[in-house]
Protein chains: 2
Amino acid sequence: MKIRFYNAKILTFTKDFEIIEGELWVEDSRITYVGKGILDSEDIFDREIDVNGNLIMPGFKNAHTHSAMTFLRSYADDMPLLDWLNTQVFPMEAKLNGEEMYHLSKLAILEYLTSGITANFDMYFCPEDVSKASIEMGFRTVMCGGISQFTGETDYSLDLLDGYYRKFNHYHERIGYRLGFHAEYTATRPLLEGIASLAEKYKAPVFTHNSESLAEVEQCIIRNGMTPTGYLNSLGIHNYGGGGFHCVHMTEGDLKIFKEKNLTVVTNPASNAKLASGIAPLKRMLDLGIPVAIGTDGPASNNCLDMFREMFLTTALQKLKENDASAMDANQVLYMATIGGANAMGLRDCDSLEQGKYADLIVIDLNQPNMQPLNNITKNLVYSGSKQNVKLTMIHGRILYEDNNFYVGEDVEKIYSKANEIINSKR
Amino acid sequence: MKIRFYNAKILTFTKDFEIIEGELWVEDSRITYVGKGILDSEDIFDREIDVNGNLIMPGFKNAHTHSAMTFLRSYADDMPLLDWLNTQVFPMEAKLNGEEMYHLSKLAILEYLTSGITANFDMYFCPEDVSKASIEMGFRTVMCGGISQFTGETDYSLDLLDGYYRKFNHYHERIGYRLGFHAEYTATRPLLEGIASLAEKYKAPVFTHNSESLAEVEQCIIRNGMTPTGYLNSLGIHNYGGGGFHCVHMTEGDLKIFKEKNLTVVTNPASNAKLASGIAPLKRMLDLGIPVAIGTDGPASNNCLDMFREMFLTTALQKLKENDASAMDANQVLYMATIGGANAMGLRDCDSLEQGKYADLIVIDLNQPNMQPLNNITKNLVYSGSKQNVKLTMIHGRILYEDNNFYVGEDVEKIYSKANEIINSKR
């Protein structure tokens with residue numbers, strides 16, 4: 001399958017984002033050409049798409065989410081984080097089986113497509129079912145281990161994680177797996193030590209929820225005499241990199257560890273605001289050169305899976321926190337939402353629009369009132385962009401969403417019905 | 001023209017929002033029926049719309065904006081408020097003429113329609129041109145006086161405001177005008193005294209920017225020994241009501257005045273975040289019983305005109321400020337964005353969906369992934385709703401936007417071109 005996008009603006013990245021005018025060609029899963037587009041007489045395409053002066057850009061990378069939690073959207077809002085986890089999320093999750101997670105993940109994937117998200121870093125249970133949803137729909141998913149003391153005996157959990165890591169990194173071309181665990185506060189010390197051993201065994205990065213709420217940090221200090229970052233570091237968890245989700249309440253010492261170990265902070269501004277967790281010190285992190293990516297978090301806490309809202313919040317909340325309207329400019333945020341996420345997830349082969357990379361891209365409709373006038377396109381994307389501007393989402397060379405229609409090999413109404421059926425069966 | 005919406009969910013309001021299933025009929029500009037919809041044999045409609053189980057709700061009221069500032073979108077972001085006003089906004093605005101404001105207002109109106117906004121409270125210059133744009137496109141606009149020491153000698157400005165007030169309140173059925181001025185910090189004392197006299201003359205409410213930034217409040221205290229609210233109150237500006245836009249930095253004394261005079265706070269959370277102005281104490285205001293409405297502010301500061309983003313920010317920022325995830329629930333926010341705004345703008349005849357009211361309504365597509373499952377529809381609207389869910393926008397009984405197409409009597413591409421042409425001519 002050869003597809004030609006012509007009459008396009010194309011967002012490229014070398015040292016900073018740049019917009020060129022021209023064409024982008026795709027053959028099967030990869031980008032074969034980005035440039036002015038002098039058509040060779042030999043070039044025959046299966047489909048030629050007039051982009052009508054609109055923008056082709058890399059798809060967003062959702063660097064932290066729990067897709068299957070769609071079933072809890074608008075189910076139990078307006079509660080403090082730890083209460084919400086303990087009285088609503090954990091008990092409801094315990095009632096879910098793998099097949100249900102498969103259906104619920106599909107619902108999330110539809111929403112990712114509407115928001116121009118082309119890959120997710122998904123921490124949940126039942127990777128077999130979660131990856132099945134992604135594979136069937138044509139999506140790209142890097143799964144993240146989410147074991148905890150609740151997923152069973154230490155040895156059992158560690159064996160699971162080890163098995164998943166080996167299996168799902170050689171499973172499918174659009175599926176990956178990273179070592180990970182739920183959080184310090186849901187892990188015993190032997191479990192954490194075991195994870196550190198796995199990191200050593202595979203020389204692999206490890207990801208986890210880190211310092212999301214102040215209570216979490218305070219309780220960790222009481223338990224271990226150290227912050228979560230300090231404690232995990234003392235156990236060697238991050239000896240081969242990785243990162244933390246949320247990272248709202250970080251000390252300078254924590255940031256120093258992140259810098260030294262080159263750990264990624266995955267920020268989740270909507271979730272952190274809605275759950276009153278706080279605002280992560282992103283400007284300080286960037287000043288220190290710590291890599292930052294953006295995630296939506298799960299739909300139970302956010303409640304939507306919209307990278308445009310996350311991008312605006314990433315910069316707007318930072319301006320509030322720093323009391324400085326010039327803090328964190330649009331291009332920095334756009335980098336986090338695309339290349340920054342890809343780096344964290346190990347997706348360097350689909351992070352930007354270059355010949356040879358996987359064709360994970362979106363078309364942004366600039367001919368919409370919120371994108372006019374065209375004073376500055378990247379600022380427009382971050383400050384006034386919306387899901388409504390996503391005209392097309394392509395993953396691995398395949399168009400999965402175009403002009404409000406889904407091409408995921410299944411009737412979307414059935415996915416909605418199934419999600420409603422599942423939540424209704426649990427009440 | 002008689003239109004029947006059937007197979008609908010309908011958002012009604014008595015003491016709280018409620019969703020009924022049934023039909024809504026429109027004849028010319030007004031709603032003629034809301035209910036179960038037992039069709040009478042005599043009922044003949046020009047158009048019958050199967051709402052397909054989706055939601056009909058009142059249009060959003062954008063209770064503070066500067067529509068024509070579309071030309072400055074993404075033009076000069078990332079600057080502190082007062083610098084931004086003085087070095088970018090005021091000099092660029094000075095170059096605009098009325099005809100240009102007419103074209104630029106049209107661009108904003110297109111964007112309002114995509115976001116389900118059916119009326120705007122618009123503070124700008126050249127009401128003749130601003131209202132012309134609104135009238136021609138079928139939109140509903142309440143203009144707000146924006147005079148300041150820069151709009152000319154005191155007497156001249158006051159004569160203008162007086163003239164506008166008399167003219168534009170008897171001008172067109174979809175146009176209104178409220179007394180107003182830019183802000184305390186751009187008004188001389190004689191000007192403010194003159195506005196108080198006009199309020200007295202017409203027994204009319206007065207609106208203005210109030211306590212948007214901390215610097216504004218501090219400088220007012222230095223100049224006048226009082227906060228902006230205290231000072232304006234001492235001059236009798238609000239003797240017949242009205243309200244303040246922004247109201248970020250309010251003392252308890254200020255809030256007491258707002259409560260006593262029944263003044264509306266129009267909050268602008270995205271603008272206040274992006275310009276690092278702060279977070280308004282909305283929870284405290286609601287606890288005191290102060291009326292609150294929501295505005296997008298102008299597209300130069302926001303940068304988009306999206307009530308969904310404003311609604312999420314209204315509650316999410318309040319949760320952050322109060323350090324309480326239960327602060328400000330979804331229905332409170334939805335009230336502010338609809339009925340609260342209508343009350344502030346004097347639009348009680350199109351605030352909710354009831355027989356006899358003007359048909360200012362929108363259809364929300366619930367058959368989208370971000371609205372599923374249907375655990376709680378009003379929470380879905382506030383926490384995960386998006387412009388993408390707006391299927392149809394009707395104002396005064398006329399459909400102006402449906403399935404991503406505009407019906408505003410004009411080619412939208414021309415409106416975009418004109419906006420680009422205007423900004424390019426000013427550089």
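This structure is a prediction, so every number in the text was calculated from the model and none was measured. (Residues numbered from 1 in each chain as written. Chains lettered and ligands numbered in written order. Predicted model: local features only at pLDDT ≥ 70, side-chain atom pairs only at ≥ 80, totals over all residues. Heavy atoms only, no water.)

(A) A look at the overall build of chain A. What chain A contains, in helices and strands, is 14 helices and 17 strands. For a compact globule of 427 residues, the expected C-alpha radius of gyration is about 22 Å, and chain A comes in at 21 Å, within 12% of that figure. For chain A, the spread of C-alpha atoms along the three principal axes comes to 70 × 45 × 40 Å. Evaluated residue by residue, chain A yields a buried proportion of 67% over its 427 residues. Averaged over its 40 positive side-chain charges, chain A has a centre that lies 2 Å from the centre of its 55 negative ones. (Helix = DSSP H or I, 4+ residues; strand = E, 2+ residues; numbered from the N terminus. Rg over C-alpha atoms; globule rule 2.2 N^0.38 Å. Buried < 20%, exposed > 50% of the residue type's maximum accessible area, 1.4 Å probe, protein only. Lys, Arg positive; Asp, Glu negative; His and termini not counted. Charge placed at Lys NZ, Arg CZ, Asp CG, Glu CD.)

(B) Region of the structure containing the relation of the copies chain A and chain B. Between the two copies, chain A and chain B, the superposition gives an RMSD of 0.0 Å; the rotation angle is 180° and the shift along the axis is 0.0 Å. In the structure described here, the two chain copies are related by an operation that fits a two-fold rotation axis. For chain A, the residue whose C-alpha comes nearest the rotation axis is Gln388 of chain A, separated from it by 2.4 Å. A symmetric contact is evident, with 100% of the interface residues of chain A recurring at the interface of chain B. (Least-squares fit on C-alpha atoms with pLDDT ≥ 70 in both. Contact = heavy atoms within 4.5 Å.)

(C) Helix H12 (residues 330-345) of chain B, seen in detail. Residues and elements named next belong to chain B. Taking 1.5 Å as the rise per residue, H12 with 16 residues should run 22 Å; its terminal C-alpha atoms sit 22 Å apart, in good agreement. Along its length, H12 reaches its greatest deviation from straightness, about 40°, at Met336. Of all 16 residues that make up H12, 13 are buried, and the element is covered over most of its length. Two or three places before Asn331, at the opening of H12, Asp329 has a side-chain oxygen 3.1 Å from that residue's backbone nitrogen. Just downstream of H12, Gly346 is the residue with a positive phi angle, here 75°. (Expected span 1.5 Å × (residues − 1). Bend = angle between axes of the 7 residues up to and from the residue. Polar contact = N/O pair within 3.5 Å; in protein donor to acceptor, adjacent residues only side chain to side chain.)

(D) Expanded view of the interface of chain A and chain B. In this assembly, 63 residues from chain A lie in contact with 63 residues from chain B. Overall, the association of chain A and chain B removes approximately 4900 Å² of surface from exposure, summing both partners, and the carbon and sulfur fraction of that is 58%. Summed over the shared surface of chain A and chain B, the result is zero salt bridges. Seen at the junction of chain A and chain B, the total is 20 residue pairs in polar contact (both at pLDDT 80 or more). Taken together, the elements giving at least two residues each to the side of chain A that touches chain B come down to helix H2 (98-114), helix H9 (269-274), helix H11 (307-322), helix H13 (377-384) and helix H14 (412-426) of chain A. Residue contributions to the side of chain A that touches chain B peak at seven residues, all from H11 of chain A. (Buried area = accessible area lost by both parts, 1.4 Å probe. Salt bridge = Lys/Arg side-chain N within 4 Å of Asp/Glu carboxyl O.)

(E) Representation of the domain arrangement of chain A. All names here are of chain A. Here chain A is described as being made up of domain 1 (2-59 + 349-406) and domain 2 (60-348). Each of domain 1 and domain 2 has a C-alpha centre, and these two points are 28 Å apart. Taken together, the contacts link 33 residues of domain 1 with 35 residues of domain 2. Summing both partners gives a buried area of about 3000 Å² for domain 1 against domain 2, and 65% of it is carried by carbon and sulfur. Across the domain 1-domain 2 interface, the total number found is two salt bridges. Taken together, the links from domain 1 to domain 2 amount to 14 residue pairs in polar contact (both at pLDDT 80 or more). For the side of domain 1 that touches domain 2, the elements supplying multiple residues, two or more each, are strand E1 (2-13), strand E5 (55-58), strand E14 (361-364), H13, strand E15 (390-395) and strand E16 (398-402). (Domains from an automatic or database assignment.)

(F) Focus on the side chain of His396 of chain B. Residues and elements named next belong to chain B. Examined against the element boundaries, His396 turns out to sit in the loop between strand E15 (390-395) and strand E16 (398-402). Under the relative-accessibility criterion, His396 is labelled buried at 11%. Side chain to side chain, His396 and Glu173 meet in a polar contact 3.4 Å long. Contacts of His396, omitting those with residues within four sequence positions, involve Asp28, Ser29, Arg140, Glu173, Arg174, Tyr358, Ala359 and Asp360.

(G) Inspection of empty space enclosed by the protein at higher detail. For the structure shown, the criterion picks out four cavities of 30 Å³ or more. What lines the largest cavity is a set of 14 residues, among which Asp306, Arg309 and Gly385 of chain A together with Asp306 and Arg309 of chain B lie closest to the centre. Those elements giving two or more residues to the lining of the largest cavity turn out to be H11 of chain A together with helix H11 (307-322) of chain B. It is H11 of chain A that provides the largest number of residues to the lining of the largest cavity, a total of three residues. Taken as a whole, the second largest cavity holds about 50 Å³ of empty space. In terms of lining residues, the second largest cavity is bounded by Thr267, Pro269, Asn272, Gly278, Ile279, Ala280, Leu282, Leu313, Thr314, Leu317 and Gln318 of chain A. When residues of the lining of the second largest cavity are traced back to their parent elements, those giving at least two are H9 and H11 of chain A. A total of four residues in the lining of the second largest cavity trace back to one element, the largest contributor, which is H11 of chain A. Looking at the lining of the second largest cavity residue by residue, the classes come out as six nonpolar, five polar and no charged. (1 Å grid on protein atoms, 1.4 Å probe; cavity = no way out; pocket = protein on both sides within 12 Å on 5 of 7 lines; lining within 4 Å. Points joined across faces, edges and corners; volume = space filled by probe spheres on them. Nonpolar A, V, L, I, M, F, W, Y, C, P; charged D, E, K, R; others polar.)

(H) Region of interest: the pattern of salt bridges. Residues and elements named next belong to chain A. A complete count under the given rule lists 44 salt bridges over all chains for this structure. Note that Glu410 is salt-bridged to Lys106, the shortest N-O span being 2.5 Å. Of this pair, Glu410 sits in the loop between strand E17 (405-406) and H14 while Lys106 sits in helix H2, and the two are 304 residues apart along the sequence. What emerges from the salt-bridge pattern is a single network uniting Arg4, Glu23 and Glu48.

(I) The arrangement of the sheet that holds strand E7 (residues 117-123) of chain B in detail. Residue and element names in this part refer to chain B. Ordered by their spatial adjacency, eight strands build an open sheet running E6-E7-E8-E9-E10-E11-E12-E13, and the pairing between neighbours is parallel. Every interior strand has two partners, whereas the edge strands, strand E6 (60-65) and strand E13 (292-294), have only one. Between one strand and the next, the sheet's axes are offset by a mean angle of 25°, whatever the strand orientation. When strand E8 (residues 141-144) meets strand E9 (residues 175-183), the two strands line up parallel, connected through four bridges. Counterpart to Thr141 in the pairing with E9 is Ile175. This element, H12, spans E6, E7, E8, E9, strand E10 (206-210), strand E12 (264-267) and E13 of the sheet and lies at about 65° to E6. (Pairing = 2+ DSSP bridges. Axes fitted to C-alpha atoms, helices over the stretch in contact; angles between N-to-C directions.)

(J) Region of interest: the sheet that holds strand E10 (residues 206-210) of chain A. All names here are of chain A. If you walk across this open sheet you meet the eight strands as E6-E7-E8-E9-E10-E11-E12-E13, and the pairing is parallel. Only two strands of the sheet have a single partner each, and these edge strands are strand E6 (60-65) and strand E13 (292-294). Taking the axes of each pair of neighbouring strands and ignoring which way they run, one obtains an average angle of 25° across the sheet. Relative to strand E8 (residues 141-144), strand E7 (residues 117-123) runs parallel, the two sharing four bridges. Pairing of Asn120 across the sheet is with Thr141, part of E8. Sitting on the sheet, helix H4 (residues 154-168) touches E8 and strand E9 (175-183), and the angle it makes with E9 is about 160°.

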